[in-house]
Amino acid sequence: MAWWKKSEKKARQPRRERLEIPADVWEKCEACGHTDIREKFERNLNVCPNCDYHRRIRAADYCNLMLDDGSMEELEVELRSTDPLGFPDYPARLKKAITNAGDTDALLACTGMLDSLPVNIGVMDFAFMGGSMGSVVGEKIARLGVRSLERKYPLIVVSASGGARMQEGVLSLMQMGKVSAVLAQLAERRIPYISILTNPTTGGVSASYAMLGDAIIAEPGAVIGFAGPRVIKQTLGQDLPEGFQTSEFLLDHGMLDSVVHRRNLKRTVSQLLRHMSGRPAATGWAAS
Amino acid sequence: MGTSVTLEFEKPIVELEKQIDELKRLAGGQQLDVDQEIEPLQKKLAELRDEIYKNLSPWQRVQVARSAKRPFTLDYLQLVFTDFIELHGDRAFREDAAIVGGWARLEGETVMVIGHQRGRDTKEILKRNFGMPHPEGYRKALRLMKLAEKFHVPVITFIDTMGAWAGLGAEERGQSEAIARNLFEMSRLEVPIIATVIGEGGSGGALALGIADRTNMLENAVYSVITVEGCAAILWKDGKSQEMREKAAAALRITAQDLLELRVIDEIIPEPPGGAHANHETTAQAVHDTLARQIEELRRYKPDKLVRRRREKFLRMGQFLE
């Protein structure tokens, strides 16, 4: 007896019909051209499933990613930028940015629990005027820092910025001094401060709080530097070497502690904070 | 970048100066008494200088601030201080001549002087890298500040740079970290710090010497978050035309008067008629008197109070709605 029986051939559905997915759910990776359904990008935290290219995500996405479910509380929601210099077009640009990106300015300030540890976290939002740092960004981080001093909560800042906001002139520049002064107080009181760099972190942001973390970690492939690549190209009069000013370049040159995939950000920060604040190791993370 | 060429709006002044010199030369050669003719010319010259310098546009001020005829840090070290001994190197990578510093005396008392240094001739300009420091320059500056703190000596800085250098090596060695570290450490340094913008105060490269208990600006100095050209290039895609530079310079509010109104600086040090370059000695005297007075004021504070007040000062900076 044959040990298998040839069954009747069933009429199969045509392949084309099965894969009939509406065209607008497809997304293409900006870096490698890999095409996949949007949901797959989203489930992968907007990192390309093929090449690990980290797409830019919004400030609220980082808070959701870092903070325990239901623990997030936004702070300093009332702060708004003004036009201290009477700079041409600035009020109109602000209005447009608020319409497009929301009214948190270029930094979302939150408190919440990270892996059951209370933290204060500020996340820059590149969607709001290129993540530029003006008085509101500086003030929000400074207040988060003061809050950290009062409650002894660690401070986390996620940077994504082209630098200081030109439209607030020298007042933007002074925010670098303001935030650095608060971070010095945190250091003196031995309260951990972790700086996370995402694409891009340049100019006055990189030359102040971004590079002052007790630990500095960056997402893969982010552009990080003081001067932007265009400016340096101009001074040099020649093309820049491959990979110049990327996270990996900075790691090689001793400027970062680690380059960390987006999916591992939370556990890395948790691990660092637990070491620095004398708490036991977290349970629940799979050893990896 | 500093140039000895006569500025366009200063040409009438230079013309008149030439005329006076010519007359003097003639008089010297032929034993003639030309005082009667020179006197009205000199009066006119004074008026002209006054008139032109009173009405400088912000962009013209940038040009004055960058002029290579103005006194530089080493000039002030000679004219304001005594007993200067220069200290070199960051003890990590190399010496950066775009920042100079060392022990000196102000009215007999030891101070640590640190400042950006530009050059006047080609050789010196290259040696000083246009007064645009690399990370090692900022690290040297910090080393000297910590040294001053160790021996309870006040720190006096002079700011005179278009900005920190943008280049491969500067990035590789952590320009951002070097500037950030200075901001951080200066905010907690337990000795008085006085910063004076003597020319152009350009962005983070200037601020890295600028976290101070007292910040002064010379009357024609400028202090900005970005160069005027850079601002015009980014916002209006045109950093080269006179018109856009004028527009950007005015929009950024970079003059000493602007910064006083924005409460970023504490004092404006007056320049002689025709600007600091018209008379180095008079300018230096005004700088000397301001620094000497401020040091006396700051010596009254105990270190912890000094630091607390400095922090509070920077925490107040900025404007927003709430």
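The shown structure was predicted, so the numbers you read here are calculated from the model rather than taken from an experiment.

(A) Here's a closer look at the overall build of chain B. Looking only at helices and strands, chain B features 14 helices and nine strands. Whereas a compact globule of 322 residues would reach a radius of gyration of roughly 20 Å, chain B reaches 21 Å, a difference of no more than 12%. For chain B, the C-alpha atoms occupy an extent of roughly 65 × 50 × 45 Å along the three principal directions. Counting every position in chain B, which comprises 322 residues, the buried fraction comes to 59%. Summarising the internal contacts of chain B: among those between residues at least 6 apart in sequence, 74% fall at separations of at least 24. Surface summary for chain B: the accessible area is close to 13900 Å², and the carbon and sulfur share equals 51%. Taking the 46 positively charged and 50 negatively charged side chains of chain B as two groups, their mean positions are separated by 6 Å.

(B) Structural context of helix 11 (residues 242-252) of chain B. All of the buried residues along helix 11 of chain B are Met244, Ala248, Ala249, Ala251 and Leu252 of chain B. End-on view of helix 11 of chain B: buried residues confined to an arc of 165°, all on one side of the axis. In the core, the buried residues of helix 11 of chain B are packed alongside helix 6 (169-188) of chain A together with helix 3 (58-66), strand 7 (222-224) and helix 10 (228-236) of chain B. Looking one or two residues beyond helix 11 of chain B, the residue adopting positive phi is Arg253 of chain B, at roughly 55°.

(C) Focus on the domain arrangement of chain B. All names here are of chain B. The domains assigned to chain B are domain 1 (8-55) and domain 2 (61-315). Each side of the interface is counted separately: domain 1 has five residues, and domain 2 has nine residues. Note on domain 1 versus domain 2: buried area summed over both sides is about 580 Å², and carbon and sulfur give 54% of it. Between domain 1 and domain 2 we count zero salt bridges in total. Here domain 1 and domain 2 share two residue pairs in polar contact (both at pLDDT 80 or more) between them.

(D) Spatial organisation of the pattern of salt bridges. Taken as a whole and judged by the stated rule, the model has 45 salt bridges over all chains. Across the pair Arg173 of chain B and Glu136 of chain B runs a salt bridge, and its minimum N-O distance is 2.9 Å. With a gap of 37 residues between them, Arg173 of chain B in the loop between helix 7 (168-172) and helix 8 (175-186) and Glu136 of chain B in helix 6 (residues 135-150) connect regions that are remote in the sequence. As far as the burial class goes, Arg173 of chain B and Glu136 of chain B line up, both buried. The shortest N-O distance in the salt bridge between Arg293 of chain B and Glu267 of chain B comes to 2.8 Å. Placement of the pair is Arg293 of chain B in helix 13 (residues 280-299) and Glu267 of chain B in strand 8 (residues 267-269), with a sequence separation of 26 residues. We classify Arg293 of chain B as partly exposed; its relative accessible area is 37%. Here the residues in one salt-bridge network are Glu188 of chain A together with Lys146, Glu149, Glu185, Arg188 and Arg311 of chain B, joined through shared partners.

(E) Quick look at the interface of chain B and chain A. At the junction of the two partners, chain B supplies 46 residues and chain A supplies 56 residues. Buried surface at the junction of chain B and chain A, summed over both partners, amounts to about 4400 Å²; 74% is from carbon and sulfur atoms. The interface formed by chain B and chain A holds three salt bridges in total. The salt bridge partner of Arg311 of chain B is Glu188 of chain A, with a shortest N-O separation of 3.0 Å. At the surface where chain B touches chain A, the tally comes to 13 residue pairs in polar contact (both at pLDDT 80 or more).

(F) How the structure looks around unusual backbone geometry. Geometrically, the link from Asn199 of chain A to Pro200 of chain A is a cis peptide bond, its omega value of -10° lying close to zero. Among the structural elements, Pro200 of chain A can be located in strand 8 (residues 193-202). A positive phi angle, near 60°, is found at Arg190 of chain A, a position not held by glycine. Mapping Arg190 of chain A onto the fold places it in the loop between helix 6 and strand 8. Positive phi is not limited to glycine here, since Lys237 of chain B has a value of about 55°. Residue placement: Lys237 of chain B occurs in the loop between helix 10 and helix 11.

(G) The side chain of Asn129 of chain B, seen in detail. Residues and elements named next belong to chain B. Tracing the chain through its elements places Asn129 in the loop between helix 5 (122-127) and helix 6. The class for Asn129 is buried, based on a relative accessible area of 14%. If we ignore the near neighbours within four places in the chain, the residues touching Asn129 are His134 and Trp165.

(H) Region of interest: the packing of helix 5 (residues 135-151) of chain A against helix 6 of chain A. Residue and element names in this part refer to chain A. In the contact formed by helix 5 and helix 6, the axes pass within 9 Å of each other and the chain directions differ by 10°. Judged by the angle between their axes, helix 5 and helix 6 are roughly parallel. In this structure, helix 5 uses Ser135, Gly138, Glu139, Ile141, Ala142, Gly145, Val146, Ser148 and Leu149 to contact helix 6, whose residues at the interface are Leu171, Gln175, Lys178, Val179, Val182, Gln185 and Leu186. Looking at the contact of helix 5 with helix 6 residue by residue, the classes come out as eight nonpolar, six polar and two charged.

(I) Focus on the domain arrangement of chain A. Residues and elements named next belong to chain A. Domain parsing of chain A yields domain 1 (24-55) and domain 2 (57-277). Placing a centre on the C-alpha atoms of domain 1 and another on those of domain 2 gives a separation of 25 Å. In this complex, domain 1 contributes six residues to the contact, which on the side of domain 2 involves seven residues. Buried surface at the junction of domain 1 and domain 2, summed over both partners, amounts to about 660 Å²; 55% is from carbon and sulfur atoms.

(J) Representation of the confidence of the model for chain B in the model. Mean pLDDT over chain B works out to 94, with 98% of the residues at or above the 70 mark. Interface scoring of the predicted complex returns ipTM 0.94; its pTM is 0.93.

(K) Summary view of the packing of helix 6 of chain A against helix 8 of chain B. Closest axis-to-axis distance for the helix 6 of chain A/helix 8 of chain B pair is 8 Å, and the angle between their directions is 65°. For the element pair helix 6 of chain A / helix 8 of chain B, the angle class is roughly perpendicular. Once helix 6 of chain A is placed against helix 8 of chain B, the crossing between them reads as right-handed. Listed contacts from helix 8 of chain B to Met176, Gly177, Ser180, Leu183, Ala184 and Ala187 of chain A of helix 6 of chain A are Ile179, Leu183 and Phe184 of chain B. Considering only residue class, the contact of helix 6 of chain A with helix 8 of chain B consists of seven nonpolar, two polar and no charged.

Conventions adopted
- Residues numbered from 1 in each chain as written.
- Chains lettered and ligands numbered in written order.
- Predicted model: local features only at pLDDT ≥ 70, side-chain atom pairs only at ≥ 80, totals over all residues.
- Heavy atoms only, no water.
- Helix = DSSP H or I, 4+ residues; strand = E, 2+ residues; numbered from the N terminus.
- Rg over C-alpha atoms; globule rule 2.2 N^0.38 Å.
- Buried < 20%, exposed > 50% of the residue type's maximum accessible area, 1.4 Å probe, protein only.
- Contact = heavy atoms within 4.5 Å.
- Areas by Shrake-Rupley, 256 points an atom, 1.4 Å probe, with all protein chains shown as cover.
- Lys, Arg positive; Asp, Glu negative; His and termini not counted.
- Charge placed at Lys NZ, Arg CZ, Asp CG, Glu CD.
- Arc of directions from axis to C-beta.
- Domains from an automatic or database assignment.
- Buried area = accessible area lost by both parts, 1.4 Å probe.
- Salt bridge = Lys/Arg side-chain N within 4 Å of Asp/Glu carboxyl O.
- Polar contact = N/O pair within 3.5 Å; in protein donor to acceptor, adjacent residues only side chain to side chain.
- Axes fitted to C-alpha atoms, helices over the stretch in contact; angles between N-to-C directions.
- Parallel < 35°, antiparallel > 145°, perpendicular 65-115°, else oblique.
- Nonpolar A, V, L, I, M, F, W, Y, C, P; charged D, E, K, R; others polar.
- pLDDT = per-residue confidence, 0-100.
- Left-handed = near helix turned anticlockwise from the far one by under 90°.

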